[in-house]
Amino acid sequence: MIEYKVAGKNDIELMMSSRLEMLREVNNLEDDYVYSEEFVEISRKYFLEGDQTTVLALDGQEVIGCVSISYITVMPTYDHPYGKRAHLMNVYTRKAYRGQGIAKKMCQMLIDEAWARGVTEISLDTTKAGRPLYASIGFNTPDDYMTLYNR
């Protein structure tokens, strides 16, 4: 039976291992790829100190999925009068567990939390494979949103 839990500081190693596993897969890196110490420490610090919530999916003691949401406050606008926004990220389920609604359940838990916190917009970055999941939750591609990347 799959257990879902909101991760706390005591779960830092579970959050880190799942995030690094997800990044290896999404970026087509080898299973033995080693991240820089700086990257690992910055990620660890964000889990411990950042304005975020992470949900873990567990099968026994094994982490089989995770999702995080980061909270962002920007200057209020007419459509977002409190300036509270969020960004969903780290959406990952191990291959053997995909197609069972695990990622959707974890995402919905964080979306519900975000609405309860007064967030008026949730964004995310997606892979082509992830688009059907996000569309089923209600995400869409906005007409009034543009992005500039520093490359």
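Computed from a prediction, not measured in an experiment: that's the story for all the values here. (Residues numbered from 1 in each chain as written. Predicted model: local features only at pLDDT ≥ 70, side-chain atom pairs only at ≥ 80, totals over all residues. Heavy atoms only, no water.)

1. Quick look at the confidence of the model for the protein chain
To keep it simple, the criterion reads: As a per-residue measure, pLDDT reflects the predictor's confidence and takes values from 0 up to 100. Here a helix means four or more residues in a row that DSSP labels H or I, a strand means two or more in a row labelled E, and each is numbered from the N terminus.
Chain-level pLDDT for the protein chain is 93 on average; 99% of the residues reach the 70-or-more range. Considering each helix and strand of the protein chain separately, the mean pLDDT is smallest for strand 5 (residues 121–124), with a value of 92, and largest for strand 2 (residues 52–59), with 98.

2. Let's talk about the nonpolar core
Quick reminder of the rule: Residues belong to one nonpolar core when they are buried, are Ala, Val, Leu, Ile, Met, Phe, Trp, Tyr or Cys, and are joined through side-chain atoms within 4.5 Å. Exposure classes here rest on a 1.4 Å probe applied to the protein chains alone. A residue is buried below 20% of its type maximum, exposed above 50%, and partly exposed in between.
Grouped together as the largest cluster of nonpolar side chains are 21 residues, with contacts concentrated most on Ile-69, Leu-88, Cys-107, Ile-122 and Phe-139. If you tally residues by element for this core, the top one is helix 3 (residues 102–116), at six residues. Counting residues in hydrophobic clusters, the runner-up holds 15 residues, among them Ile-12, Met-16, Leu-20 and Val-40.

3. Looking at the packing of helix 1 (residues 12–26) against helix 2 (residues 37–49)
Under the convention used in this document: Axis lines are fitted to C-alpha atoms, over the contacting stretch for helices. Their N-to-C directions set the angle, which ranges from 0 to 180 degrees. Here roughly perpendicular refers to angles of 65 to 115 degrees, roughly parallel to angles under 35, roughly antiparallel to angles over 145, and oblique to all remaining angles. Here is the rule for handedness: rotate from the far helix to the near one, and if that takes an anticlockwise turn smaller than a right angle the crossing is left-handed, while a clockwise turn gives right-handed. Only heavy atoms matter for contacts: two residues are in contact if any of them lie within 4.5 Å across the pair. Under this grouping Gly is polar, as are all residues other than the nonpolar Ala, Val, Leu, Ile, Met, Phe, Trp, Tyr, Cys and Pro and the charged Asp, Glu, Lys and Arg.
It is the contact of helix 1 with helix 2, at a shortest axis distance of 10 Å, that shows an interaxial angle of 130°. Considering their axes alone, helix 1 and helix 2 lie oblique with respect to each other. In this structure, the crossing between helix 1 and helix 2 has a hand that is right-handed. Contact residues: helix 1 offers Ile-12, Glu-13, Met-15, Met-16, Arg-19, Leu-20 and Leu-23, while helix 2 offers Phe-39, Val-40, Ser-43, Arg-44, Phe-47 and Leu-48. Class assignment for the residues of the contact of helix 1 with helix 2 results in nine nonpolar, one polar and three charged.

4. Remarks on the side chain of Ser-123
Among the structural elements, Ser-123 can be located in strand 5. The residues touching Ser-123, leaving out its near neighbours within four places in the chain, are Ala-86, His-87, Leu-88 and Phe-139.

5. Section: the pattern of salt bridges
Pairing is possible between side chains that carry opposite charge, provided their charged atoms lie close to one another. Worth spelling out the cut-off: For salt bridges, the criterion is a side-chain nitrogen of Lys or Arg within 4 Å of an Asp or Glu carboxyl oxygen.
Scanning the model with the defined rule gives nine salt bridges in all. Where Arg-44 meets Glu-13, a salt bridge forms, and the shortest distance between an N and an O atom there is 2.7 Å. You can see Arg-44 sitting in helix 2 and its partner Glu-13 sitting in helix 1, a full 31 residues away along the chain. Via salt bridges that share partners, Glu-13, Glu-41 and Arg-44 belong to a single interconnected network.

6. Observations regarding the pairing of strand 5
Working note: regular strand, side chains alternate between the two faces of the sheet. Convention followed: Pairing between two strands requires that DSSP report at least two bridges joining them. Think of it like this: strands point away, you trace from the first strand over the helix to the second, and a clockwise trace means the crossover is right-handed.
By the bridge criterion, four bridges tie strand 4 (residues 84–93) to strand 5 in an arrangement that is parallel. Opposite Ala-86, over in strand 5, you have Ile-122 as the bridge partner. The parallel pair strand 4 and strand 5 is bridged by helix 3, and the resulting crossover is right-handed.

7. Overview of the packing of aromatic side chains
Let me state the cut-off plainly: Under the pairing criterion, centres of Phe, Tyr and Trp rings, with the six-membered ring standing for Trp, must be within 6.5 Å; the plane angle then separates stacked pairs below 30 degrees from edge-to-face pairs above 60, leaving the rest tilted. As a reminder, the over-ring test applies to NZ of lysine and CZ of arginine, requiring each to be within 6 Å of the ring centre and within 35 degrees of the ring normal.
Enumeration over the complete set of coordinates arrives at three aromatic pairs. An angle of 80° between the planes, with centres 5.0 Å apart, marks the rings of Tyr-33 and Tyr-35 as edge-to-face. You can call Tyr-33 partly exposed: its relative accessible area is 37%. On the basis of an interplanar angle of 80° and a centroid distance of 6.1 Å, the ring pair of Tyr-134 and Phe-139 is categorised as edge-to-face. Exposure remark for Tyr-134: the relative accessible area of 9% places this residue in the buried category. A connected cluster of aromatic rings, assembled from ring pairs, spans Tyr-33, Tyr-35 and Phe-39. Note that Arg-117 overlies the ring of Tyr-71, its terminal NZ or CZ placed 3.6 Å from the centroid.

8. Some thoughts on the sheet that holds strand 1 (residues 2–6)
Strand order in the open sheet made by the five strands is 1-2-3-4-5, with mixed pairing throughout. Edge positions in the open sheet fall to strand 1 and strand 5, since each of these has one partner strand only. Adjacent strand axes in the sheet meet at a mean angle of 20°, parallel and antiparallel pairs treated alike. Against the sheet, helix 2 touches strand 2, strand 3 (62–73) and strand 4, its axis set at about 100° to strand 2.

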